[in-house]
Every structure is written in structure tokens, then in C-alpha cells.
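# A closer look at the structure
Take a look at the letters that make up each chain.
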Amino acid sequence: MNLSRTKIFWIYIILTLAGIIISFLQVPLALVNLKLPATYVTSVPFYVFLYGFLGAMAYVFTSLLDAWETWEGKRNDVKKLWEDEQEKKTAVREEAYANRLKELLDKYDGTSFEDKMKEFGIERKVLRIIATLPVCAGVYLLYALLIAPPAEFGLTSPNTTVVNATLSDIVKLIETQNKAAASNSLIAGVSFLTGLYIKTILTAMGSLANRLTGNTPEGKNRPPQIADISDKKDE
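Here is a short report on the structure shown in this document. (Residues numbered from 1 in each chain as written. Predicted model: local features only at pLDDT ≥ 70, side-chain atom pairs only at ≥ 80, totals over all residues. Heavy atoms only, no water.)

This part covers the side chain of Thr194. If you trace the backbone, Thr194 turns up in helix H6 (residues 167–196). Separated by 2.8 Å, the side chain of Thr194 and the backbone oxygen of Val190 make a polar contact. Beyond its immediate chain neighbours, meaning those up to four positions away, Thr194 contacts Val135, Cys136, Val139 and Ile201. (Helix = DSSP H or I, 4+ residues; strand = E, 2+ residues; numbered from the N terminus. Polar contact = N/O pair within 3.5 Å; in protein donor to acceptor, adjacent residues only side chain to side chain. Contact = heavy atoms within 4.5 Å.)

Val60, Leu64, Val78 and Phe120 are the most contacted members of the largest nonpolar core, which has 14 residues in total. Breaking this core down by element, the ones donating at least two residues are helix H2 (46–87), helix H3 (95–109) and helix H5 (122–146). When residues in this core are grouped by element, the largest group, six residues, is from H2. (Core = buried A, V, L, I, M, F, W, Y, C linked by side-chain atoms within 4.5 Å. Buried < 20%, exposed > 50% of the residue type's maximum accessible area, 1.4 Å probe, protein only.)

A few words on the pattern of salt bridges. Going through the model one piece at a time under the given rule, you end up with four salt bridges. In this structure, Asp84 engages Lys80 in a salt bridge whose closest nitrogen and oxygen atoms are separated by 2.9 Å. One end of the pair is Asp84 and the other is Lys80, both in helix H2 and four residues apart, which spans about a single turn. Note on Asp84: relative accessible area 29%, which makes it partly exposed. Linking Glu85 and Lys88 is a salt bridge whose minimum nitrogen-to-oxygen distance equals 3.4 Å. Glu85 gets classed as buried once you look at its relative accessible area, which sits at 4%. You can call Lys88 partly exposed: its relative accessible area is 37%. (Salt bridge = Lys/Arg side-chain N within 4 Å of Asp/Glu carboxyl O.)

Structure representation (C-alpha cells):
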């Protein structure tokens, strides 16, 4: 199969979103943990994705604003250098240097909003928003399976109904609902933090995967060598 990188990219996005939709279905937990009864089912609640998405949006806005402030700071530095050069007398003014500063300043001022977003890496940030959804689903499932008992996460068994329930069952149900409310609040907060720190989480997960697979070639993180960089160091 000869697929372009663009097609592979969109196939990946579509499959990810399809997996998110499927995760809303009632899935038997016996598929992932044989110790649990086959009657127990679960799904990833909508609020997990919602709060993860909100956290990711908070990350995106914070990251973009930081990049914008850095961009504006560089622009103001260039403007200050150009104004200082203009204040000098003609005899001591370096016209070539002043012209380069003016060209750079005009380039900053002429940058459109779309070009700024590209320079700030908006595409990578959008990908991180999408990546937040499966990461939040994984966090929820791990929390439900490893930390909280299944009943506290709304896992249900069709064996218990209103007709055959005893008083003890009703009391346990009320207690379970109270615990579920606290657990839901906690997992919602964890989902938000997952989205907020999605960049750090993805970096950590990538590093862990590389360590586990031994994929740590020497010099992988070295910056590329660029020839004739000395001619551009003053720019």
C-alpha cells in the first residue's frame, strides 16, 4: 500500500476519534481484567474527555500567549536597537546595520496573524489536544482498575435489580453512590490536569517507551549541524 504521509496522518486521526466514540459503549471489564466477573461493564464517561479537553485548551492558550509575548519581546528589542541607531549622528551611524534592523522590524510588523500562529506551532498544539483524549481515557481506566473498586466507578451488574434488591443492597447502593460522587470529582480534576500538562506527559511517555524498547541511539537529541552559520550570527 502506497499511502502519502497526509493520508496516513488523517487515517490516524480518524481511528483515534473512532476509538474515543467506541469507548462510550458498555465494554465488559473481563476483556481487560480476567479477575473481574463478566457481568461487570464499564465505559469512559463523557466528562473525562470534557475536562481533559478543557485542560488541553488551557494549555494551548497559555502556550500561545507565552510564545506571543516572547515574539513581541524580540520585536521590541529590534525596534529599540533601530531607534538607538537612528538617534546617532550620521557620522557614527552604521547605515548597513540600521537598514538590516529596519528590514527585520518591517518583517515583524508585516507578519499576519496566520503566520504568527504557524510560527508558534499551532499545528503541534492541535495534535496535543487530540492526544489528550486517549490519554485521559487511559488515566481513567487505570484509576478505575488499579485504585478504585469497580462499584465506585458506576460499574453495574445486571444480577441486582430493584425487584430482588434487599434493604442491605439499597444501603450499599447509597454508600456506593456517595463514593462515586467523590471519585468522579477526583477523576474530573485528574483529567483536567492531564490536558493541562499534556505536553509534559507525552514527552515522559515517549521517553519511557524509548527506554523500554531500547530505542535510545547516541546523538539522537543533538542539534543538527548547519554550515556557514557564522555569516548569520549577527542576524
